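Below, each chain spelled out in residue letters.
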Amino acid sequence: MTWDGRAGDSRLSVPGSHPLDATQEWTVTERLRVLHRVIMPTDRDHDVLKLYVDGDVIYGEATPPGDLEAPGDHGPPGSTPNGSAPHGSAANGSPGRPVPPRLSADRASIVSRRSLLVPPGLRASLCTYFNAFPAAYWRRWSVLEEIVLRARVRGQGTLFVYRSTSKGHLQRVRSIDFDTATSAEQEVRLSLQPFIDGGWYWIEVTAGTRPAVLEQADWCAETGRPRGTTNIGITTYNRPRFCLDQLVALSQADDVLEVIDEILVVDQGTSRVRDLPDFPAVAAALGDRLRVIAQPNIGGSGGFSRAMEETLAGGRADYVLLLDDDVITEPESIVRAVAFADLCRTPTIVGGHMFDLYDPSVLHAYAESVAPYRWWMVPAPRTAYWHNLAHHPLRQTHWLHHRADADFNGWWMCLMPVDVLRKVGLSLPVFIKWDDIEYGVRAKAAGIATVPLPGVAVWHIPWRDKDNDLDWQAYFQERNRMISGLLHSPYERGGNMLKESFIMVTKHAMSMQYSTAELMLQGIEDLLRGPDHLHESIAGTMPRLRSLRAGFVDAETRGDLDEFPAVRRRRPPRKGREVAPPEGRRAAVKAALSGALRQVRPVDDFAKQHPQVLVPHVDQRWWLLCRYDSALVSSADGTKAAWYQRDPRRFRALIWRNVRLHLKVYRQWKRLHAEYRAALPEITSAERWRETFDRVAAPEEAAEEAVRRAAEDAVEGA
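My aim in this report is to walk through the structure given alongside it, one point at a time. (Residues numbered from 1 in each chain as written. Predicted model: local features only at pLDDT ≥ 70, side-chain atom pairs only at ≥ 80, totals over all residues. Heavy atoms only, no water.)

## Describing the overall build of the chain
To keep things clear, this is the line we draw: We count a stretch as a helix when DSSP gives it H or I for four or more residues in a row; a strand needs E for two or more, and each element gets its number in order from the N terminus. Residue contacts follow a heavy-atom distance rule, with two residues in contact if any of their heavy atoms lie within 4.5 Å.
A tally of helices and strands in the chain yields 19 helices and 24 strands. Intrachain contacts of the chain at a sequence separation of at least 6 include 80% that bridge at least 24 residues.

Have a look at this one:
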C-alpha cells in the first residue's frame, strides 16, 4: 500500500501536524491502550544508542519544517560537505540567520524522543532491547491475544514489521510503502499466538529516493481493563545526590507521573536528601506526590518494607515499585511495568532488568533462578550474566529470543501488586542480602510469578566493583542464605548448601581473610538463635559487625600502596616458579591439603615486617594466598589495599568453630526449619513491621524532640 498525502488521501494524513513535533501524541482512546512506546534515549548518550536503534545511528537535529530533501543533495552555496550552511550565512534565509544543520547522508538520525529520520536508500532497525516488543512475555502472562502496531510516518519509504521465533529465526510479517509529505498513520493487527516459547515483534524503516521519518510508533492493545497506579518506594542511605537526581527525572516525566500515586523516599542515612539546597524545588515540582520518610538505618529490607507497609496503609495505589537509590531509570520502564501488571491474568510481580552504570550496554542478568541443590543464585536456563548488547545485539543473540522464566528479580527495580503484599506479606527482616531472592521464592510457592520484563530497566553500579563477599556484608550473605534455605529448600538439610558454606569459610581462613570468616561464623551463630532475633536485632547488627571487623588486620585498608612497607621476600621463589593455579580436581585437593597444613606452621618473622607479594584483586584466590605468610591485596574498586598477615592461632580457632557450627546446623536442621517456617507469617506481616518501625524510630524522634525543645528554650532565653 502506498500512502500519498499529497494525492489527497485524507484517511492517512494528520491535519496540522508539525513535521518533527515530539510533543504531539495521539489522543488516548478507550479502544487502544499503549503498552510500549517506541522511544529514543532521553539524552545524547552514545553508549546507550544500541539499546534503542540497531545499526549506524547518530544524534541529529530537527530539519526545517517540510524539508525532506536528501541530505547533501541540494546544499546551498557555501554549505559544508554534509550539506549544512555555515553559521551566519545567508543560505536558506536572511543574511546572518543561523540555518539548522542538515542531517547525515549515510546514517539514521535521532531527532527527538519519539522520532527517527532515515536518509535515502538506508534502513534503520528497531530490533533492540528497548524498542522491540517482547511478545512471548505478553503471550504467556497477559490476557491479550493480539496487539496493534500504530505508526506515524512521513516522507518516502517502507515500514517493515518483523517477528522472531523462540529459536531466534527472523520472519517478515508485513511491509507497507508510504509516500507522503504530511504525517500518515497506519495500524497493523498482530497475533500473539505463535509466541508460546519465545519471540519478539519489531519494526524497521527503509527510505526510498527521499528521506523517511518515523515520527511515532506504539505497541497497543484493545482492552477494557482499568488503568492502575503505583507508588514508587526508594530506599536511600547516604546517597542524597543520586536519589535527588532520580526525583528530578521523575518530576520532568509528565507521562510517567500519570501512573504514579505517591513517591515514598525512605531516607535511612545521616546525609539527608531533604538537606540538599535544590531539594525544595524538586519537592515543589512533585507536590503531593512526594513524601520523604526519615528512619534509622534498618537496611534495604527495612526501607523497602516501609514502602510496602505505607502503600498498604494508604489504600490508594494498586502497586508499589521498589527502586534502589543508586540507579538511573529509563522513565518509560515505569509506564510499561504498570501496563503489563494491569493486563496480567493474575497478580504478578514485574521485574526490571539491570544494566551496568559504567558500561551502559551491558545487561547484568536477563533472568535469575535459585539452583535448588546448591541454594545459590544462577542465570536462568539458556541465559547468561553480563551480556553486552552493543557487541551482541538482540538480532544476533538467539538465546534472548527464548522466553526466560525467573524465580526472583532484584529490588533495584521491582513492581509488586498490593494483592501480593496482602497474600505473601512483606520482606524478611534481614537487613540486606537475599531479601529479594527469598521473597520471589516465597511468592512462587504461593502461585505468584515474577516476570523480568524486557524493555523495563535501570542502570546500576555493577557488583564487580564491590567487595560484597568480603566486608561486613559477608555476615548477611551467609546468615540470610541459610535462613532462606531453611525456609524453602526442597532438599533435606539444604542439599549441598552446608557443604559449600563450610568450604567457603575454610577458603577465607586459608586466604588470611580472617574477618570475613569470622563474620560468616557470626551469621551461623545468630541463625541458631532462631527467628525471634531478626526484628529485635535489625537496627543494631550492622554497627556491631563494623566494630567487630575493625579488630582484624585484613580489614584495615589504606589508599596508597606506599603507606605499607615495601614488598620483599626473605628468599626468591623456588627455581623462579610462582604459584600456579591447580589444574583438575586432584590438583585442587592436593593444593587445599598442603595449604591447610601450612596454616599451622610458624610465620616467617620477615613476613611480619614486609608483605611477601602484591596481589591484584582479580588474582586473589585461595590457592594463591594460602602459599604466603603475608600479602598486599587490593580492593574490588581499586581505591585501597589491605595487608593480609597469616595468624596460625586465629586460623585454628576459626576452623574449629567452622566444624562445630556446621555440624550443629546439620543436626538441628529439622528443628530450625520448623521454627522459621512457623514464624514466617508473623515476622513478615505489616503489623510486625509497623511495630519495628515505631520501635527503631523512637530514639531518633526523641533526639529530634530534644533539639526542638533546646531551640525553643534558646529563643525564649534570648
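## Describing the nonpolar core
The tendency in soluble globular proteins is for nonpolar side chains to be buried as a group. Counted only if it meets this: By nonpolar core we mean a set of buried residues, namely Ala, Val, Leu, Ile, Met, Phe, Trp, Tyr and Cys, connected to one another through side-chain atoms within 4.5 Å. Partly exposed residues are those whose accessible area sits between 20% and 50% of the maximum for their type, while under 20% is buried and over 50% is exposed, using a 1.4 Å probe and protein chains only.
In this structure, Y201, L247 and I263 are the most contacted members of the largest nonpolar core, which totals 108 residues. Non-local contacts of L247, meaning those with residues more than four positions away in its chain, are made with I234, I263, V265, V273, V282, L286 and L290. L527, F552, W622 and W669 belong to the second-largest nonpolar core, a separate cluster that totals 54 residues.

## What about helix α4 (residues 279-286)?
Filter applied, for reference: Along the arc lie the directions from the helix axis toward the C-beta atoms.
When α4 is considered as a whole, its buried residues turn out to be F279, V282 and L286. For α4, the arc enclosing every buried residue in end-on projection is 65°, short of the 170-degree limit, so these residues lie on one face. Facing away from the buried side of α4, by more than 90 degrees, are the exposed residues P280, A281, A284 and A285. Downstream of α4 by one or two residues, G287 has phi in the positive range, about 60°.

## Here we look at empty space enclosed by the protein
Test applied: Residues are called lining when one of their atoms sits within 4 Å of a cavity or pocket point, these points coming from a 1 Å grid over the protein atoms alone, where a cavity is a set in which a 1.4 Å probe fits but cannot get out and a pocket is an open set with protein on both sides within 12 Å along at least five of seven lines. Grid points are joined across faces, edges and corners, and a volume is the space filled by probe spheres set on the points. All residues other than Ala, Val, Leu, Ile, Met, Phe, Trp, Tyr, Cys, Pro, Asp, Glu, Lys and Arg, Gly among them, are scored as polar; the first ten of these are nonpolar and the last four charged.
Scanning all chains against the criterion turns up 5 cavities of 30 Å³ or more. Roughly 50 Å³ of volume is contained in the second largest cavity. Taken together, G352, H353, A365, Y366, A367, E368, F408, N409, G410, W412 and P452 make up the full set of residues lining the second largest cavity. Broken down by class, the residue content of the lining of the second largest cavity amounts to 6 nonpolar, 4 polar and 1 charged.

## Here we look at the pattern of salt bridges
What counts is decided by this rule: Should a side-chain nitrogen of Lys or Arg be within 4 Å of a carboxyl oxygen of Asp or Glu, the pair is scored as a salt bridge.
In this structure the tally under the stated criterion is 47 salt bridges. Across the pair R529 and D526 runs a salt bridge whose closest N-O atoms are separated by 3.3 Å. With a relative accessible area of 51%, R529 lands in the exposed category. Three or more residues joined by partner-sharing salt bridges are found here, namely D261, E262, R291, R306, E309, E310, R316, R690 and D694.

## Digging into the side chain of R493
Looking at the secondary structure, you find R493 in the loop between α9 (473-488) and α10 (497-510). What R493 contacts, discounting residues up to four positions off in sequence, is L498, Y666 and W669.

## Regarding the environment of R695
Just so we agree on the cut-off: Pairs of N or O atoms within 3.5 Å make up the polar contacts considered here, provided that, within protein, one atom can donate a hydrogen while the other can accept it, and that residues adjacent in sequence are counted only when both atoms are side-chain atoms.
Relative to the helices and strands, R695 resides in helix α19 (residues 686-717). For R695, a relative accessible area of 33% gives the class partly exposed. Distance from R695 to E536, taken between C-alpha atoms, is 9.4 Å for residues 159 residues apart in sequence. Once you skip the residues sitting within four places of it in the chain, R695 turns out to touch H535 and E536. From its side chain, R695 meets the backbone oxygen of H535 in a polar contact 2.6 Å long.

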